[in-house]
Amino acid sequence: MIRFFSSLGLTFVLLLSIVLLLWLGTVFTLFPDLKQGIELMNDTLIQNWFMTAWKINWILPVWLLSLCLLSGLLFCNTLVCSLVLQLVTALKVKTLRRWSFFMIHIFFLMVLFCHGIALVAGEKKTNITMFPGDIYQAGKLSVTLNSITFNGDGEFLRLGPKKSREMMTRKMFDRRANFADLVLVEDDKPTIRGPIKMLEPMGSGNLRVTLTKFILQDNGEGERIGVNLTITRNGFTTFFFVMYGFMIISLACFVAITWNPHVRTGRVTPG
Amino acid sequence: MKVQIPFIVYSAMVVFFLTALVLGLLKQVRWGKFVGFLGSAACGAGVTWLMFSEQRLPLFGALESVMYVSFVLTLLANFTLPRVEAVCKQRLTLVTHGVICLLLAVQATRPMAFNADFFMYDNLWVNLFFNLRLNAAGVLIWAAILFIVGVWFCEAKDAKKTSGRATSDRLIHQGRNFLLAGIVVYLMSEWSGSLWCLNWLGETWQWSRGFLKAAIIFLLAMIASHLPISMGGLPRAKALFGICPGIYIFFMLFQH
């Protein structure tokens, strides 16, 4: 069993199968209904999406389930191979090459784990539309939008996504000059207040509030500008970036060490 | 004027690289190299003009991708050539010019203008994400070229000689080196992209066509590095899987 799970043949088959499934996913995005279904996966935790999607169309849930299953198997395959083969070899041979090779796989496992955990754990609330004076309540968290500072007439906010994208140049829309003044209150934690800009979110600890876009709404009395917010809570974000960074570094080290096959790599001496 | 210059640069690239390819096929090595160098200078001029006029790095969009990737490719082909015999270097240059001509041919039907400006282009992570991806494309395509020429040497009658086989092995090993180096650059791009996604949408990644395609590139490189023992010793199998990331990213440049 261990031999099977640590085999390179299994890795090869799993990687090929995952590539085929991902490619199938790109084909799905060519169909408007399926594309919308895939995009909806971003709006909530995956288990919540799964239950709703299953009732509407079985294709995407089956695709996702297969992808998760194969990725889980790849995780097990990498874990077993790393511990049973690579670690044992690294301890025996003790070269930088062996250790960097082992570390790439460990960091890859961490990154894969973080990808998985981001799907099912934490909190995710997207497309929260707020206007000045609005208060958004979610459990113990309260978000108050005091004011919005928006320079210009917001002409491009009236246009569709493509036209709007063309008009939102650096000259037309200065993201640092356009912001919303927010107040975050969460149970016993200190109140956070400040401006929130596009690409400059605010939050504390694992909580993160991001301004995804400005919107324009006509409420009958005239047009008013509002914001679209996303609230997420994920305890693994920093860990993910650190592990991802280390994976890149370890891979770069491995490439450098093994660049010239004729040069013997330095041995790591104990102590 | 601003609209015309990219077209002039593109035309110059077509003339120089096509001539270099023809000269290479006619075995006019020195002239081929010289004209190829002029093509490289044209790419460099195009990239410099883009950075000057648009006040940003080359990011995405067919024309600027073609210019920048061609520039990276010619730099790699000139400065990172492995220590191999002259005929092998000639073939590498020939295939590189052929690939650039192919890039230019695909671009022919597309708009001859740079990517329109966007307010997010003042953000460091946005710039790194897109620009590093173009760099990775250049390195991965160069890796694919090394694999192709490596197999070409292995298959050709030169391979009967011991040096032919050794050259083929060296090229395939270099292909593997650049494949992994390309993936390092690609992952750096993805890391920056994750940070951009986090600051914009609140998450480190999102389900989208772009994400699925990006994951495929990484997995294709992983497949090439995890060939079963039965295939690992076959130069053809190594080359076949090694060129896949380069080919995939080649077409990704035109489908944003």
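The model shown is predicted, which means the values in this text are computed figures rather than measured ones.

Enquirer: Help me understand the interface of chain B and chain A, please; the structure alone is not making it clear to me.
Expert: As a measure of interface size, the accessible area lost when the parts come together is often cited. The interface of chain B with chain A comprises 56 residues on the first partner and 58 residues on the second. Counting the surface lost from both chain B and chain A, the interface buries some 5200 Å², and carbon and sulfur atoms represent 70% of this. The tally of links between chain B and chain A comes to four salt bridges. A salt bridge links Arg-176 of chain A to Asp-122 of chain B, with the nearest nitrogen and oxygen atoms 3.5 Å apart. Seen at the junction of chain B and chain A, the total is 19 residue pairs in polar contact (both at pLDDT 80 or more). Among the secondary structure elements, those contributing two or more residues to the side of chain B that touches chain A are helix H6 (162-201), helix H7 (209-225) and helix H8 (229-232) of chain B. Top contributing element to the side of chain B that touches chain A by residue count: H6 of chain B, with 20 residues. A class-by-class count of the residues in the side of chain B that touches chain A yields 34 nonpolar, 13 polar and nine charged.

Enquirer: Hey, could you run me through the pairing of strand E7 (residues 207-218) of chain A in this one?
Expert: The side chains of a regular strand alternate between the sheet's two faces. Residue and element names in this part refer to chain A. Here strand E6 (residues 202-204) pairs with E7 via three bridges, running antiparallel. What sits directly across from Ser-204, in E7, is Leu-207. Between the antiparallel neighbours E6 and E7 lie two residues, among them Gly-205 with a positive phi of about 60°. Relative to strand E8 (residues 223-233), E7 is paired through eleven bridges, and the arrangement is antiparallel. Following the sheet pairing, Ile-215 is matched in E8 by Gly-226.

Enquirer: I would appreciate a short explanation of helix H3 (residues 32-40) of chain A in the present structure.
Expert: Residue and element names in this part refer to chain A. Those residues of H3 that fall on the buried side of the exposure criterion are Leu-34, Gly-37 and Ile-38. Each buried residue of H3 lies within a common arc of 100° when the element is viewed along its axis, so the set occupies one face. Looking at the buried residues of H3, the elements they touch are helix H2 (8-28), helix H4 (46-56) and helix H5 (59-93).

Enquirer: I would appreciate a short explanation of the confidence of the model for chain A in the present structure.
Expert: Low pLDDT marks stretches whose predicted atomic positions should not be read closely. All names here are of chain A. Considering every residue of chain A, the mean pLDDT works out to 88; 96% of them sit at 70 or more. Mean pLDDT in chain A bottoms out at helix H7 (residues 161-167), which sits at 82, and peaks at helix H8 (residues 237-257), which reaches 96. Per-residue pLDDT stays below 50 along residues 264-271; that stretch engages in twelve contacts with residues further than four places along the chain or on separate chains.

Enquirer: Explain the domain arrangement of chain A here, please?
Expert: Residue and element names in this part refer to chain A. Taken as a whole, chain A is organised into domain 1 (2-122 + 237-253) and domain 2 (123-233). Each of domain 1 and domain 2 has a C-alpha centre, and the two are 33 Å apart. Every contact between the two is made by seven residues of domain 1 and, on the other side, five residues of domain 2. With both sides pooled, the region where domain 1 packs onto domain 2 buries about 470 Å², and carbon together with sulfur makes up 41% of that total.

Cut-off values and rules
- Residues numbered from 1 in each chain as written.
- Chains lettered and ligands numbered in written order.
- Predicted model: local features only at pLDDT ≥ 70, side-chain atom pairs only at ≥ 80, totals over all residues.
- Heavy atoms only, no water.
- Contact = heavy atoms within 4.5 Å.
- Buried area = accessible area lost by both parts, 1.4 Å probe.
- Salt bridge = Lys/Arg side-chain N within 4 Å of Asp/Glu carboxyl O.
- Polar contact = N/O pair within 3.5 Å; in protein donor to acceptor, adjacent residues only side chain to side chain.
- Helix = DSSP H or I, 4+ residues; strand = E, 2+ residues; numbered from the N terminus.
- Nonpolar A, V, L, I, M, F, W, Y, C, P; charged D, E, K, R; others polar.
- Pairing = 2+ DSSP bridges.
- Buried < 20%, exposed > 50% of the residue type's maximum accessible area, 1.4 Å probe, protein only.
- Arc of directions from axis to C-beta.
- pLDDT = per-residue confidence, 0-100.
- Domains from an automatic or database assignment.

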